[in-house]
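# Fold and geometry: a report
If you want the building blocks of each chain, they are given just below.
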Amino acid sequence: KEAKLWGGRFEESVTDSVEKFTESISFDKALFKHDIMGSRAHATMLAHQGLMSDDDRDSILQGLDEIQRCIEAGEFVWRADREDVHMNIEAALTDLIGEPARKLHTARSRNDQVCTDFRLWCRDAIDHILEAIKHLQVALVSLAMKNEGLIVPGYTHLQRAQPVFLQHLLLAYVEQLERDAGRLTDCRARLNFCPLGACALAGTGLPIDRFMTSDALGFTAPLRNSIDAVSDRDFVLEFLSSNSITAIHLSRLGEEWVLWASEEFGFLIPSDSVSTGSSIMPQKKNPDPMELVRGKSARVVGNLVTLLVLCKGLPHAYNRDLQEDKEPVFDSVKTIVGMLEVCAEFAQNVSFNRDKIQKALPAGHLDATTLADYLVKKGVPFRTSHDIVGRSVALCLLKNCQLQNLSLDELRSISPHFGEDVYEYLSVENAVTKFCSYGSTGSECVTAQLDYWAALLHID
Ligand code: ARG
């Protein structure tokens, strides 16, 4: 067995089962690029500070290049007996260049190294997710543009409420995604501080320059407190919280579209290319991708909970428990990117069943609130007009008709404030034109929203 890098004080080697239980190489090898970036910056700083010669630095940098090439070419052998990505790379470097490699771990611990790598990894992951969010926003805005003028029932409590333009509803998702992007951007800014040089927990007596490594790695500044630097994972908690909120937004979109694709609604027609069938029922066409978007949101939330519980009982500073922080994050990032991508693809491959929507519109008295507003314009207090329209709806229920089918006499029998012009307010098509408040579903307001997003997302 090869001696461990930390083996000096040990008389016995660890058992196979402990080695297997404690290794992290099987998953933290995903950090290799960022680990190498960190080592490059660290070696460069050490040489600058006179803690290693320029020659040693150069052979370290060359060795790291070769190792990176090897890993990327799939030629690198990851060894569980070398525990984790940090020691695999350091030991491989020693195999490759010999003595100079033994200076690389000067004024560095795996404790600051691992969270430096992880912050760098999360930073890249955030950039990737931000792109995927934008891509979905573009898909939703484009879908909205294709469906100008389409009125759909708006729901509250999943009961028919008021008419809205479909564009208005689609843009609601775009707004939510924009806040998701904002949260990630905030998270990115807050995590972009450098732990490197915090060493095990207390810093070092060697003359290192933490500002130099921080700069070289694109961080805003070194973290101020070395104990905090190696202990804390709130950047992970924030990142996973933000992902969880996005996952919940996508899950709601998934739920809505699954519902809309049902025979009962029938508003949404997913193309065959984004649907799947049943192994027993030959007639079935299911919106599985959106069901799985809803389903996979559970993982993302679960991963957040895992991290919260992981951190809950940890005393300062580093504890090995923290090795458990990586897989949930890797899983969340992979999942959320997949969810965003499949939602975008779905949005590019659906159409709306105008016929079915048109037929659905008259039911549910979607124009009732507009009628109440009409009476307000005639000087009736809203609470009174609410009651008058409520009684008008009751009459419709009795006669099994719509508000627009009531005669003026019938309406006047309920309130003398109804005039000939009332019919301009009745019917879904008329009602929807009456909205004009900022942010409302009125067509001018919706067009303004659409113009805003088209400009922001560079869609023409
Ligand atoms: N694999 C470890 C982790 O992911 C690296 C840090 C280990 N540090 C230690 N002192 N054992 O957390």
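For the protein chain, the name recorded in an unreviewed UniProt entry is argininosuccinate lyase, with Nepenthes gracilis as its organism. Its UniProt record gives the protein chain a comment under Sequence similarities (unreviewed entry), which states: "Belongs to the lyase 1 family. Argininosuccinate lyase subfamily."

### So, the overall build of the protein chain
Looking only at helices and strands, one finds 18 helices and six strands in the protein chain. For a compact globule of 460 residues, the expected C-alpha radius of gyration is about 23 Å, and the protein chain comes in at 31 Å, more than 25% above that figure. Taken along its principal axes, the extent of the C-alpha atoms in the protein chain is 100 × 55 × 45 Å. By residue count, 39% of the 460 residues in the protein chain fall in the buried class. Within the protein chain, residue pairs in contact and separated by at least 24 positions form 76% of the contacts whose partners lie at least 6 positions apart.

### Quick look at the UniProt feature "domain: Fumarate lyase N-terminal" (unreviewed entry) in the protein chain
This chain's UniProt record puts "domain: Fumarate lyase N-terminal" (unreviewed entry) on residues 8-302. Helix and strand shares over residues 8-302 are 60% and 7% respectively, and the end C-alpha atoms of the span are 40 Å apart.

### Things to note about the packing of helix H6 (residues 110-146) against helix H7 (residues 166-191)
In the contact formed by H6 and H7, the axes pass within 9 Å of each other and the chain directions differ by 165 degrees. Classified by the angle their axes make, H6 and H7 are roughly antiparallel. Crossing of H6 over H7 shows left-handed handedness. Within the contact of H6 with H7, the residues separate by chemical class into 19 nonpolar, two polar and four charged.

### Concerning the domain arrangement of the protein chain
Here the domain parsing of the protein chain yields domain 1 (7-106), domain 2 (111-206 + 224-359) and domain 3 (362-456). Placing the centre of domain 1 and that of domain 3 at their C-alpha centroids yields a distance of 71 Å.

### A short note on the pairing of strand S2 (residues 159-165)
Here strand S1 (residues 151-156) pairs with S2 via six bridges, running antiparallel. Bridge assignment links Tyr155 to a residue of S2, and that residue is Arg160. Hairpin remark: S1 followed by S2, antiparallel, with two residues in the connecting loop; positive phi at His157, about 55 degrees.

### Here's the deal with the environment of Leu395
Positionally, Leu395 belongs in helix H15 (residues 382-399). Given 16 C-beta atoms within 10 Å, Leu395 falls into the partly exposed group. Sequence-wise, Leu395 and Asp421 are 26 residues apart; in three dimensions their C-alpha atoms are separated by 20 Å. Ignoring sequence-local partners within four residues, the contact set of Leu395 consists of Leu406 and Glu410.

### Some thoughts on the nonpolar core
Within the largest apolar cluster, 111 residues are counted, with the highest numbers of intra-cluster contacts made by Leu93, Cys122, Leu136, Leu140, Leu340 and Cys343. Contacts of Leu340, omitting those with residues within four sequence positions, involve Ala132, Ile133, Leu136 and Leu250.

### Let's talk about unusual backbone geometry
A cis amide bond, omega 5 degrees, links His316 with the succeeding residue Ala317. By the element assignment, Ala317 lies in the loop between helix H11 (288-312) and helix H12 (326-348). Residues other than glycine seldom take positive phi values, yet Leu158 does so here, at roughly 60 degrees. The topology assignment puts Leu158 in the loop between S1 and S2. With phi around 55 degrees, His458 is a residue other than glycine that occupies positive phi space. One can find His458 in the segment after helix H18 (443-456).

### A closer look at the site of the ligand
Around the ligand, the neighbouring residues are Ser24, Asp28, Asp84, Arg110, Asn111, Val114, Arg320, Leu322 and Gln323. Counting residues per element, the shell around the ligand draws most heavily on H6, at three residues. For the shell around the ligand, the residue count by class is two nonpolar, three polar and four charged. Here the shell around the ligand spans two domains, since at least three of its residues come from each of domain 1 (7-106) and domain 2 (111-206 + 224-359).

### A closer look at helix H3 (residues 32-48)
The first and last C-alpha atoms of H3 sit 24 Å apart over 17 residues, in line with the 24 Å expected at 1.5 Å per residue. Phe32, His34, Asp35, Ile36, Gly38, Ser39, Ala41, His42, Ala43, Met45 and Leu46 are the residues of H3 that are buried. Positive phi shows up at Gly50, right after H3, with a value of about 75 degrees.

What counts as what
Every chain is numbered on its own, with residues counted from 1 as its sequence reads. Where local features are concerned, this predicted model is filtered to residues with pLDDT of at least 70; where side-chain atom pairs are given and counted, the filter is 80 or more; whole-chain, interface and lining totals use all residues. UniProt positions are given in the numbering used here, feature names are shortened, and annotations may be inferred rather than shown by experiment. Only DSSP runs of H or I covering at least 4 residues are called helices, and only runs of E covering at least 2 are called strands; the numbering of each starts at the N terminus. As defined in this context, the radius of gyration uses C-alpha atoms, and a globule is described by 2.2 Å times the residue total to the power 0.38. We call a residue exposed when 12 or fewer other C-beta atoms sit within 10 Å of its C-beta, buried when the count reaches 20 or more, and partly exposed for counts in between; the C-beta positions come from the backbone. In this description, any two residues whose backbone-derived C-beta atoms lie within 7 Å of each other are considered to be in contact. To obtain an axis, a line is fitted to C-alpha atoms, over the contacting stretch when the element is a helix, and the angle between two such axes runs from 0 to 180 degrees between their N-to-C directions. Every angle not falling under 35 degrees, over 145, or within 65 to 115 is termed oblique; those three ranges are roughly parallel, roughly antiparallel and roughly perpendicular. Handedness of a crossing follows from how the near helix is turned relative to the far one, being left-handed for an anticlockwise turn of less than a right angle and right-handed for a clockwise one. Residue classes follow a fixed rule: Ala, Val, Leu, Ile, Met, Phe, Trp, Tyr, Cys and Pro count as nonpolar, while Asp, Glu, Lys and Arg count as charged, and any other residue, Gly among them, counts as polar. Segmentation of the chain into domains, including their bounds, is taken from an automatic or database domain assignment. The pairing criterion for strands is at least two bridges between them, as found by DSSP. The term nonpolar core refers to a group of buried residues, namely Ala, Val, Leu, Ile, Met, Phe, Trp, Tyr and Cys, whose C-beta atoms join them within 7 Å. What makes a residue near a molecule or strand is its C-beta atom, placed from the backbone, lying within 6 Å of it. How far a helix is expected to stretch is found by multiplying one less than its residue total by 1.5 Å.

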